[in-house]
Amino acid sequence: MRMQTKLFKIALFALILAMILSPLCSCGKKNDDNSDAIKLSFKASASYDYLKSIDGSKVTISGYMATSSPVDGSFMFLMNLPYQNCPFCVPNTSELSNTMEIYPKKDESFGYTSQAIKVVGTLEVADNPDEPFTDMYGYEFSFKIVDATYTVIKAEELSADLALWQKIAEADVVNDIYKMYDYVNFLCSWNTYYVNSYTDADGTVIPGYYVWPSAAKNYIYTDGAQFNYGYKDGYFDSIVKKIESIDKTAFADLVSNVRKAEELSKKALAELEAGNYTSEFKYIEMFGREDYVYTLDKGAELKSEMNQIYIEFSIWLGSYEM
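Residues numbered from 1 in each chain as written. Predicted model: local features only at pLDDT ≥ 70, side-chain atom pairs only at ≥ 80, totals over all residues. Heavy atoms only, no water.

Peer 1: Now, about the overall build of the protein: what can you tell me, with residues and values included?
Peer 2: In terms of regular secondary structure, the protein is built from 8 helices and 14 strands. Burial status across the protein gives 42% buried among its 322 residues. A fraction of 67% describes how many contacts in the protein between residues 6 or more apart in sequence connect residues 24 or more apart. (Helix = DSSP H or I, 4+ residues; strand = E, 2+ residues; numbered from the N terminus. Buried < 20%, exposed > 50% of the residue type's maximum accessible area, 1.4 Å probe, protein only. Contact = heavy atoms within 4.5 Å.)

Next comes the structure, spelled out in structure tokens:
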């Protein structure tokens, strides 16, 4: 009987102590027992159907805060790559790619850390992938994690591949590849790019326009122009060389992806140079004027191939988990 009383007192003391300490836990510092949380990955998050099947569930995922996350801590951009300033987007869109938006609990905020973190929160998925969420910067995303907290991951808990992964990050390879895809995407769909209407220094409104073939060539071949880098000899070779200098074997798939992008860029540029496009003079509601709008003969084919190899890269990037 004395032993039972003693054990009861110990249990009661432990319970009281837990109740006292629990309010001291704060956002970004400590998580509760999260054994019931579904482990989400960047790779799996590429599938809207999968995300929708677990909508409303408690999830956990590890990654790094982008340094461009709002300074007020109202939300964070979570990426699986360290040392990144800005979120990644699908080329020529505001659609987030390999980047998640994480929101804290009500009336709380996130403190910034450059260390790897583990996030726990509730998955919230848009009702329709064609009607995504939009943040204050204009970024679009089909899901977010809300009511979230995070903890810093201890070094011994990180995967064995992390050292190799950080070398890729430190060499800025991923940003090089995103820039490469900006170039390839332009070649495959330059006719969909446009310049917005604007007011010049004299107060004259200059109407916007869709890119013409001549303007597309200027963007590519003029020194200092937006895409004046990809067509030059050795451009793709330089990216491959940087990748292989880190680990030729481990990143063979990434090299293969770059080579596919290179071949597509040659095909798309040849279409532009051969004049394989048609035009139609019509009213463009967005600009309030009539102008020529171009259609590429193989536009659908080029865009489809671009999407396929970009998704291949995105899946490769998302496959690195801590």
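Peer 1: Which residues make up a nonpolar patch on the surface, and what values do they have?
Peer 2: Together, Trp212, Phe281 and Tyr292 give the surface a local cluster of nonpolar side chains, amounting to about 290 Å² of exposed area. Classification of Phe281 by relative accessible area gives partly exposed; the value is 44%. (Patch = residues over 30% accessible without salt bridge, like charges linked within 9 Å, V, L, I, M, F, W, Y side chains within 5 Å. Areas by Shrake-Rupley, 256 points an atom, 1.4 Å probe, with all protein chains shown as cover. Salt bridge = Lys/Arg side-chain N within 4 Å of Asp/Glu carboxyl O.)

Peer 1: Go over the confidence of the model for the protein, please, and point to the residues and values.
Peer 2: Interpreting fine coordinate detail is not advised for predicted regions of low pLDDT. Summarising the model, the protein shows a mean pLDDT of 86, and 88% of its residues fall at 70 or more. Here helix α1 (residues 2–21) stands out as the element of the protein with the lowest mean pLDDT, 36, in contrast to helix α7 (residues 252–273), whose mean of 98 is the highest. Across residues 1–31 the pLDDT falls below 50, and counting only partners more than four positions away or on other chains, this stretch makes 19 contacts in the model. (pLDDT = per-residue confidence, 0-100.)

Peer 1: Give a description of the layout of surface pockets that names residues and reports values.
Peer 2: By volume, the largest pocket is sized at about 740 Å³. Lining the largest pocket are 29 residues, with Ala46, Val90, Glu95, Leu96 and Ser97 sitting closest to its centre. For the lining of the largest pocket, the secondary structure elements donating two or more residues are β7 (140–141) and α8 (299–318). A per-element tally of the lining of the largest pocket places α8 first, with 8 residues. (1 Å grid on protein atoms, 1.4 Å probe; cavity = no way out; pocket = protein on both sides within 12 Å on 5 of 7 lines; lining within 4 Å. Points joined across faces, edges and corners; volume = space filled by probe spheres on them.)

Peer 1: Summarise the environment of Phe133; cite the residues concerned and give the values.
Peer 2: Structurally, Phe133 can be placed in strand β6 (residues 133–134). As a C-alpha pair, Phe133 and Phe143 span 10 residues in sequence and 7.2 Å in three-dimensional space. Leave out the neighbours within four places in its chain, and Phe133 touches Glu124, Val125, Ala126, Tyr139, Glu140, Phe141, Ser142, Phe143 and Lys144.

Peer 1: Explain the nonpolar core to me, using residue names and the numbers behind them.
Peer 2: Residues Ile177, Met180, Tyr181, Tyr183, Val184, Ile243 and Phe313 are the most contacted members of the largest nonpolar core, which totals 65 residues. When residues of this core are traced back to their parent elements, those giving at least two are β3 (76–79), α3 (162–170), α4 (173–189), α5 (213–221), α6 (235–247), α7, β14 (289–296) and α8. Considering each element in turn, this core owes the most residues, 11 residues, to α4. Discounting chain neighbours no more than four positions away, the residues touching Phe313 are Val174, Ile177, Tyr178, Tyr181, Leu254 and Asn257. (Core = buried A, V, L, I, M, F, W, Y, C linked by side-chain atoms within 4.5 Å.)

Peer 1: Lay out the packing of aromatic side chains in plain terms, naming residues and giving numbers.
Peer 2: Within this structure, the stated rule accounts for 35 aromatic pairs. Measuring from ring centre to ring centre gives 5.6 Å for Trp212 and Tyr292, while their planes differ by 85 degrees; the resulting arrangement is edge-to-face. Of the two residues, Trp212 is situated in the loop between β12 (209–210) and α5 and Tyr292 in strand β14; the sequence distance between them amounts to 80 residues. On the accessibility criterion, Trp212 (32% relative accessible area) is partly exposed. Pairwise contacts between aromatic rings join Phe88, Tyr178, Tyr181, Phe251, Tyr310, Phe313 and Trp316 into one cluster. (Phe/Tyr/Trp six-rings, centres within 6.5 Å; stacked < 30°, edge-to-face > 60°.)

Peer 1: Mind laying out the packing of α4 against α7, listing which residues take part and the relevant values?
Peer 2: Their axes nearest at 9 Å, the elements α4 and α7 cross at an angle of 25 degrees. As far as their axial angle goes, α7 and α4 are roughly parallel. For the pair α4 and α7, the crossing hand works out as left-handed. Residues Val173, Ile177, Met180, Tyr181, Tyr183, Val184, Leu187 and Cys188 of α4 lie in contact with α7, whose contacting residues are Leu254, Asn257, Val258, Ala261, Leu264, Ser265, Ala268 and Leu269. Looking at the contact of α4 with α7, its residues break down into 14 nonpolar, 2 polar and no charged. (Axes fitted to C-alpha atoms, helices over the stretch in contact; angles between N-to-C directions. Parallel < 35°, antiparallel > 145°, perpendicular 65-115°, else oblique. Left-handed = near helix turned anticlockwise from the far one by under 90°. Nonpolar A, V, L, I, M, F, W, Y, C, P; charged D, E, K, R; others polar.)

Peer 1: Lay out the pattern of salt bridges with the relevant residues and their values.
Peer 2: A complete count under the given rule lists 13 salt bridges for this structure. The shortest N-O distance in the salt bridge between Lys52 and Asp55 comes to 3.4 Å. For Lys52, a relative accessible area of 30% translates into the label partly exposed. By relative accessible area, which is 34% here, Asp55 ends up partly exposed. Residue Lys266 pairs with Glu262 through a salt bridge whose shortest N-O separation is 4.0 Å. One end of the pair is Lys266 and the other is Glu262, both in helix α7 and 4 residues apart, which spans about a single turn. The exposure class of Glu262 is buried, given its relative accessible area of 13%. Several salt bridges share partner residues, and in doing so they unite Asp237, Arg259, Glu262, Glu263 and Lys266 into one network.

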